[in-house]
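Descriptive structure summary
These are the residues of each chain, in order.
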Amino acid sequence: MRVKLRVLYFASIREKLGRDAEEIDLPAGVATVAALRTHLRARGGAWADALAEGKLLRAAVNQDMAQPAAAIKAGDEVAFFPPVTGG
Amino acid sequence: MKISIQKEDFDLGAEVKAISANPKIGAVATFSGLVRDVAMTLEHYPGMTERAIAKIVDEAKSRWQVMDCAVIHRYGALQPNDRIVMVAVASGHRGDAFAACEFIMDYLKTRAPFWKKEQTRDGAQWVEAKATDDKAAERWKS
(Lines give C-alpha, C1' and ligand atoms only; values in the text may rest on other atoms or scores of the structure.)
Protein backbone atom coordinates (compact mmCIF):
# COMPACT_ATOMS: atom_id res chain seq x y z
CA MET A 1 0.00 0.00 0.00
CA ARG A 2 1.29 3.44 -0.93
CA VAL A 3 1.47 5.73 2.03
CA LYS A 4 3.22 8.67 0.41
CA LEU A 5 1.55 11.53 -1.37
CA ARG A 6 2.50 11.96 -5.01
CA VAL A 7 2.65 15.60 -6.08
CA LEU A 8 2.87 16.61 -9.75
CA TYR A 9 3.65 19.99 -11.31
CA PHE A 10 2.94 21.13 -14.87
CA ALA A 11 3.80 23.89 -17.31
CA SER A 12 5.04 27.17 -15.77
CA ILE A 13 4.82 25.74 -12.23
CA ARG A 14 7.01 22.78 -13.23
CA GLU A 15 9.55 25.13 -14.81
CA LYS A 16 9.71 27.46 -11.81
CA LEU A 17 10.21 24.56 -9.42
CA GLY A 18 12.64 22.70 -11.67
CA ARG A 19 10.81 19.41 -11.13
CA ASP A 20 7.75 17.62 -12.43
CA ALA A 21 6.99 15.28 -9.54
CA GLU A 22 7.88 14.26 -6.01
CA GLU A 23 6.72 11.87 -3.32
CA ILE A 24 6.27 13.28 0.14
CA ASP A 25 4.96 12.09 3.49
CA LEU A 26 1.61 13.70 4.09
CA PRO A 27 2.43 16.27 6.78
CA ALA A 28 0.40 16.14 9.97
CA GLY A 29 -2.58 18.47 9.81
CA VAL A 30 -2.56 18.72 6.00
CA ALA A 31 -5.91 17.39 4.82
CA THR A 32 -6.90 19.61 1.87
CA VAL A 33 -5.48 20.87 -1.41
CA ALA A 34 -5.26 24.40 0.04
CA ALA A 35 -3.38 23.18 3.12
CA LEU A 36 -0.91 21.29 0.94
CA ARG A 37 -0.33 24.39 -1.17
CA THR A 38 0.37 26.41 2.00
CA HIS A 39 2.69 23.70 3.29
CA LEU A 40 4.70 23.59 0.04
CA ARG A 41 4.81 27.38 -0.21
CA ALA A 42 6.46 27.49 3.21
CA ARG A 43 9.56 25.91 1.64
CA GLY A 44 10.31 29.44 0.43
CA GLY A 45 12.28 30.52 -2.66
CA ALA A 46 10.84 29.21 -5.93
CA TRP A 47 8.06 27.49 -3.97
CA ALA A 48 6.89 30.73 -2.40
CA ASP A 49 6.86 32.28 -5.87
CA ALA A 50 5.29 29.45 -7.93
CA LEU A 51 2.56 28.77 -5.36
CA ALA A 52 2.18 32.37 -4.13
CA GLU A 53 -1.07 33.32 -2.47
CA GLY A 54 -3.42 35.01 -4.90
CA LYS A 55 -1.77 33.40 -7.92
CA LEU A 56 -4.36 31.75 -10.15
CA LEU A 57 -3.67 28.02 -9.95
CA ARG A 58 -5.65 24.90 -10.63
CA ALA A 59 -5.34 21.59 -8.83
CA ALA A 60 -6.38 18.02 -9.43
CA VAL A 61 -6.76 15.14 -6.97
CA ASN A 62 -6.39 11.67 -8.48
CA GLN A 63 -6.73 13.19 -11.95
CA ASP A 64 -9.99 15.03 -11.34
CA MET A 65 -10.15 18.82 -11.13
CA ALA A 66 -10.35 19.78 -7.45
CA GLN A 67 -11.31 22.87 -5.45
CA PRO A 68 -8.97 24.21 -2.73
CA ALA A 69 -11.19 22.66 -0.04
CA ALA A 70 -10.98 19.18 -1.59
CA ALA A 71 -9.79 16.49 0.83
CA ILE A 72 -6.48 14.70 0.30
CA LYS A 73 -5.04 11.62 1.97
CA ALA A 74 -1.89 9.48 1.84
CA GLY A 75 -1.64 7.58 -1.44
CA ASP A 76 -3.37 10.32 -3.45
CA GLU A 77 -1.95 11.95 -6.56
CA VAL A 78 -2.23 15.74 -6.31
CA ALA A 79 -1.29 18.03 -9.20
CA PHE A 80 -0.78 21.80 -9.36
CA PHE A 81 -0.90 23.68 -12.66
CA PRO A 82 -1.86 27.01 -14.26
CA PRO A 83 -5.28 27.50 -15.90
CA VAL A 84 -5.39 25.32 -19.01
CA THR A 85 -4.77 26.63 -22.53
CA GLY A 86 -5.38 23.72 -24.90
CA GLY A 87 -7.61 23.42 -27.94
CA MET B 1 -16.08 6.76 -29.36
CA LYS B 2 -12.46 7.62 -29.86
CA ILE B 3 -10.32 9.82 -27.64
CA SER B 4 -6.66 10.13 -28.53
CA ILE B 5 -3.90 12.34 -27.18
CA GLN B 6 -1.05 11.93 -29.61
CA LYS B 7 2.09 13.48 -31.07
CA GLU B 8 1.23 12.47 -34.61
CA ASP B 9 -0.95 14.35 -37.06
CA PHE B 10 -4.45 13.06 -37.85
CA ASP B 11 -6.60 12.68 -40.95
CA LEU B 12 -9.94 14.42 -40.45
CA GLY B 13 -11.53 12.62 -43.41
CA ALA B 14 -10.52 9.18 -42.16
CA GLU B 15 -11.82 9.95 -38.66
CA VAL B 16 -15.17 11.17 -40.00
CA LYS B 17 -15.49 8.05 -42.11
CA ALA B 18 -14.71 5.85 -39.10
CA ILE B 19 -17.60 7.29 -37.04
CA SER B 20 -20.12 7.39 -39.88
CA ALA B 21 -20.80 3.69 -40.41
CA ASN B 22 -24.16 3.48 -38.63
CA PRO B 23 -26.95 4.03 -41.26
CA LYS B 24 -29.03 5.90 -38.64
CA ILE B 25 -26.42 8.70 -38.66
CA GLY B 26 -27.61 11.66 -40.72
CA ALA B 27 -25.17 14.37 -39.63
CA VAL B 28 -21.52 14.67 -38.70
CA ALA B 29 -20.29 18.02 -37.36
CA THR B 30 -16.54 18.58 -37.18
CA PHE B 31 -14.21 21.17 -35.75
CA SER B 32 -10.48 21.35 -36.27
CA GLY B 33 -8.09 23.77 -34.63
CA LEU B 34 -4.81 24.90 -36.18
CA VAL B 35 -1.67 26.59 -34.90
CA ARG B 36 -1.92 30.32 -35.63
CA ASP B 37 1.17 32.44 -36.41
CA VAL B 38 3.85 31.03 -34.12
CA ALA B 39 5.44 27.68 -33.33
CA MET B 40 4.53 26.18 -29.99
CA THR B 41 5.00 23.26 -27.67
CA LEU B 42 1.98 21.64 -26.06
CA GLU B 43 2.25 19.96 -22.68
CA HIS B 44 -0.43 17.76 -21.12
CA TYR B 45 -1.13 15.60 -18.07
CA PRO B 46 -1.04 12.00 -19.31
CA GLY B 47 -3.94 10.07 -17.86
CA MET B 48 -5.90 13.03 -16.58
CA THR B 49 -6.22 14.57 -20.04
CA GLU B 50 -7.91 11.47 -21.49
CA ARG B 51 -10.07 11.20 -18.38
CA ALA B 52 -11.15 14.85 -18.52
CA ILE B 53 -12.12 14.58 -22.20
CA ALA B 54 -14.03 11.34 -21.56
CA LYS B 55 -16.06 13.16 -18.89
CA ILE B 56 -16.80 16.03 -21.29
CA VAL B 57 -17.94 13.56 -23.97
CA ASP B 58 -20.16 11.79 -21.42
CA GLU B 59 -21.76 15.09 -20.50
CA ALA B 60 -22.37 15.88 -24.19
CA LYS B 61 -24.00 12.45 -24.58
CA SER B 62 -26.33 13.18 -21.68
CA ARG B 63 -27.48 16.43 -23.33
CA TRP B 64 -27.66 15.60 -27.03
CA GLN B 65 -28.01 12.59 -29.27
CA VAL B 66 -24.39 11.58 -29.87
CA MET B 67 -24.25 8.34 -31.84
CA ASP B 68 -20.47 8.36 -32.17
CA CYS B 69 -17.63 10.83 -31.83
CA ALA B 70 -13.89 11.29 -32.15
CA VAL B 71 -11.73 13.73 -30.18
CA ILE B 72 -8.04 13.95 -31.06
CA HIS B 73 -5.61 16.43 -29.50
CA ARG B 74 -1.91 16.63 -30.29
CA TYR B 75 0.97 17.45 -27.96
CA GLY B 76 4.67 18.19 -28.43
CA ALA B 77 6.24 20.62 -30.90
CA LEU B 78 3.88 22.15 -33.48
CA GLN B 79 4.47 24.60 -36.32
CA PRO B 80 2.20 27.33 -37.75
CA ASN B 81 -0.68 25.83 -39.71
CA ASP B 82 -0.27 22.41 -38.05
CA ARG B 83 -3.45 20.75 -36.87
CA ILE B 84 -3.78 20.74 -33.06
CA VAL B 85 -7.21 19.38 -32.29
CA MET B 86 -10.28 17.87 -33.90
CA VAL B 87 -13.75 17.04 -32.65
CA ALA B 88 -16.22 15.12 -34.80
CA VAL B 89 -19.73 14.27 -33.62
CA ALA B 90 -22.13 11.94 -35.44
CA SER B 91 -25.83 12.21 -34.78
CA GLY B 92 -29.20 11.64 -36.40
CA HIS B 93 -29.65 15.31 -37.25
CA ARG B 94 -27.48 18.40 -37.54
CA GLY B 95 -28.79 20.30 -34.51
CA ASP B 96 -27.46 17.79 -32.00
CA ALA B 97 -24.23 17.28 -33.94
CA PHE B 98 -23.44 21.02 -34.10
CA ALA B 99 -24.33 21.66 -30.45
CA ALA B 100 -22.43 18.68 -29.05
CA CYS B 101 -19.36 19.48 -31.16
CA GLU B 102 -19.25 23.09 -29.97
CA PHE B 103 -19.92 22.09 -26.36
CA ILE B 104 -17.08 19.55 -26.38
CA MET B 105 -14.67 22.16 -27.78
CA ASP B 106 -15.73 24.86 -25.30
CA TYR B 107 -15.35 22.50 -22.34
CA LEU B 108 -12.07 21.07 -23.63
CA LYS B 109 -10.66 24.60 -23.73
CA THR B 110 -11.35 25.18 -20.04
CA ARG B 111 -11.23 21.71 -18.45
CA ALA B 112 -8.75 19.49 -20.28
CA PRO B 113 -5.19 19.81 -18.91
CA PHE B 114 -3.15 21.16 -21.83
CA TRP B 115 -0.73 24.09 -21.77
CA LYS B 116 0.70 25.96 -24.75
CA LYS B 117 4.13 27.51 -24.78
CA GLU B 118 4.69 29.81 -27.76
CA GLN B 119 8.03 30.58 -29.38
CA THR B 120 7.74 34.36 -29.60
CA ARG B 121 10.37 36.80 -30.81
CA ASP B 122 11.15 37.51 -27.14
CA GLY B 123 11.66 33.82 -26.39
CA ALA B 124 9.38 31.02 -25.28
CA GLN B 125 6.32 32.13 -23.30
CA TRP B 126 3.45 30.26 -21.67
CA VAL B 127 0.11 31.27 -23.09
CA GLU B 128 -2.25 32.90 -20.56
CA ALA B 129 -5.74 31.47 -20.16
CA LYS B 130 -8.43 33.68 -21.71
CA ALA B 131 -11.54 34.95 -19.91
CA THR B 132 -13.42 34.62 -23.23
CA ASP B 133 -12.85 30.85 -23.09
CA ASP B 134 -14.38 30.72 -19.60
CA LYS B 135 -17.36 32.72 -20.88
CA ALA B 136 -17.79 30.36 -23.85
CA ALA B 137 -17.94 27.38 -21.48
CA GLU B 138 -20.22 29.20 -19.01
CA ARG B 139 -23.02 29.74 -21.51
CA TRP B 140 -23.73 26.00 -21.64
CA LYS B 141 -24.76 26.03 -17.99
CA SER B 142 -28.11 27.73 -18.51
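An account of the accompanying structure is given in this report.

**Focus on the side chain of Gln6(B)**
Residues and elements named next belong to chain B. Position of Gln6 relative to the elements: it lies in strand E1 (residues 2-6). A polar contact of 3.3 Å, which involves the side chain of Gln6, links it to the backbone oxygen of Asp9. In contact with Gln6, not counting residues within four places along its chain, are Ile72, His73, Arg74 and Tyr75.

**As for the interface of chain B and chain A**
Interfaces are frequently sized by the accessible area removed from exposure as the parts join. Every contact between the two is made by 26 residues of chain B and, on the other side, 20 residues of chain A. If you sort the residues of chain B by the area they bury against chain A, Tyr45(B), Met48(B) and Trp115(B) come out on top, with a joint share of 34%. Our count for the contact surface shared by chain B and chain A stands at four salt bridges. Close ionic contact of Arg14(A) with Glu43(B) constitutes a salt bridge, the shortest N to O distance being 2.5 Å. Viewed at the interface, chain A and chain B are joined by 15 residue pairs in polar contact (both at pLDDT 80 or more). Taken together, the elements giving at least two residues each to the side of chain B that touches chain A come down to strand E3 (40-44), helix H2 (48-63), strand E6 (83-91), helix H3 (94-111) and strand E7 (114-120) of chain B. The element contributing the most residues to the side of chain B that touches chain A is H3(B), with five residues.

Parameters at a glance
- Residues numbered from 1 in each chain as written.
- Chains lettered and ligands numbered in written order.
- Predicted model: local features only at pLDDT ≥ 70, side-chain atom pairs only at ≥ 80, totals over all residues.
- Heavy atoms only, no water.
- Helix = DSSP H or I, 4+ residues; strand = E, 2+ residues; numbered from the N terminus.
- Polar contact = N/O pair within 3.5 Å; in protein donor to acceptor, adjacent residues only side chain to side chain.
- Contact = heavy atoms within 4.5 Å.
- Buried area = accessible area lost by both parts, 1.4 Å probe.
- Salt bridge = Lys/Arg side-chain N within 4 Å of Asp/Glu carboxyl O.

Read these as layout, nothing more, since geometry by itself doesn't imply function.
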